[in-house]
Amino acid sequence: LYSASLKKGDVPAVVLKSIEANFPNYVVEEYNAVPVKYVGGNVYVDKDVDLSDVDSYQIVISSNGRRLVANMDDNGKLMSTIEYVKDMKVPGNISSAIAAAYPGWMVDKDSYHMTNYANGKKIEHYRFLLTKDGKKQRVHTDLKGNIIK
């Protein structure tokens, strides 16, 4: 997905304040405008993004070896976060669920912890890359180990 790099001065103050409030011990690495429009709770991709009319921001932040991408709307509302986790220890219940659903497949060492915020609810899941005999497959689970995709 396309994004355009921004300078801090191009990001609305409400978005900057929200980053500081939601992630007080994190350092901002980069600011990006993303061609996504939020209309009535729905998300639309707008490939003809005009940087003077941005509805969505992607802020890359880090702290203590953790690196997150926070997606925010133009009012500073946190829409989602994605954390890339290198060499993540897979929780036992999730490891068991993957092993049962994908016999013989191995979880690659790098994974993602994803959080979405919608209608006042925090929804978390993991994304894993599985490998077997030179083949690759992505799998999404919830925190309980239920296979989502």
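Residues numbered from 1 in each chain as written. Predicted model: local features only at pLDDT ≥ 70, side-chain atom pairs only at ≥ 80, totals over all residues. Heavy atoms only, no water.

(A) Spotlight on unusual backbone geometry. Unusually for a residue other than glycine, D133 sits at a positive phi of about 50°. On the secondary structure map, D133 appears in the loop between β9 (121-132) and β10 (135-142). (Helix = DSSP H or I, 4+ residues; strand = E, 2+ residues; numbered from the N terminus.)

(B) Inspection of the pairing of strand β5 (residues 56-63) at higher detail. Within β5, 7 of the 8 residues are buried, which leaves the element mostly enclosed by the surrounding structure. Two elements, β5 and strand β6 (residues 66-73), share 8 bridges in a ladder whose sense is antiparallel. Bridge pairing links Y57 to M72 in β6. Between the end of β5 and the start of β6, which pair antiparallel, lie 2 residues, with N64 showing a positive phi angle near 50°. (Buried < 20%, exposed > 50% of the residue type's maximum accessible area, 1.4 Å probe, protein only. Pairing = 2+ DSSP bridges.)

(C) Fine view of the side chain of H113. The residue H113 is located in strand β8 (residues 106-118) in this model. Among the polar contacts listed, one links the side chain of H113 to the side chain of E124, at a separation of 2.7 Å. (Polar contact = N/O pair within 3.5 Å; in protein donor to acceptor, adjacent residues only side chain to side chain.)

(D) Here's a closer look at the confidence of the model for the protein chain. Per-residue pLDDT for the protein chain has a mean of 85; in total, 89% of the residues score no lower than 70. Averaged pLDDT values for the elements of the protein chain fall to 70 in strand β3 (residues 36-39) and rise to 94 in helix α1 (residues 13-22). (pLDDT = per-residue confidence, 0-100.)

(E) Representation of α1. For α1, every residue scored as buried is listed here: V15, L16, S18 and I19. Along the axis of α1, the buried positions cluster into a sector of 160°, meaning they face one direction only. The exposed residues of α1 that point more than 90 degrees off its buried face are K17, E20 and A21. Each element contacted by the buried residues of α1 is listed here: β2 (27-34), β5 and β6. (Arc of directions from axis to C-beta. Contact = heavy atoms within 4.5 Å.)

(F) Seen up close, the pattern of salt bridges. According to the stated counting rule, one finds 4 salt bridges in the structure shown. The partner of R67 in a salt bridge is E30, and the shortest N-O contact between them spans 3.9 Å. Note that R67 is positioned in strand β6 and E30 in strand β2, a separation of 37 residues in sequence. Classification of E30 by relative accessible area gives partly exposed; the value is 33%. (Salt bridge = Lys/Arg side-chain N within 4 Å of Asp/Glu carboxyl O.)

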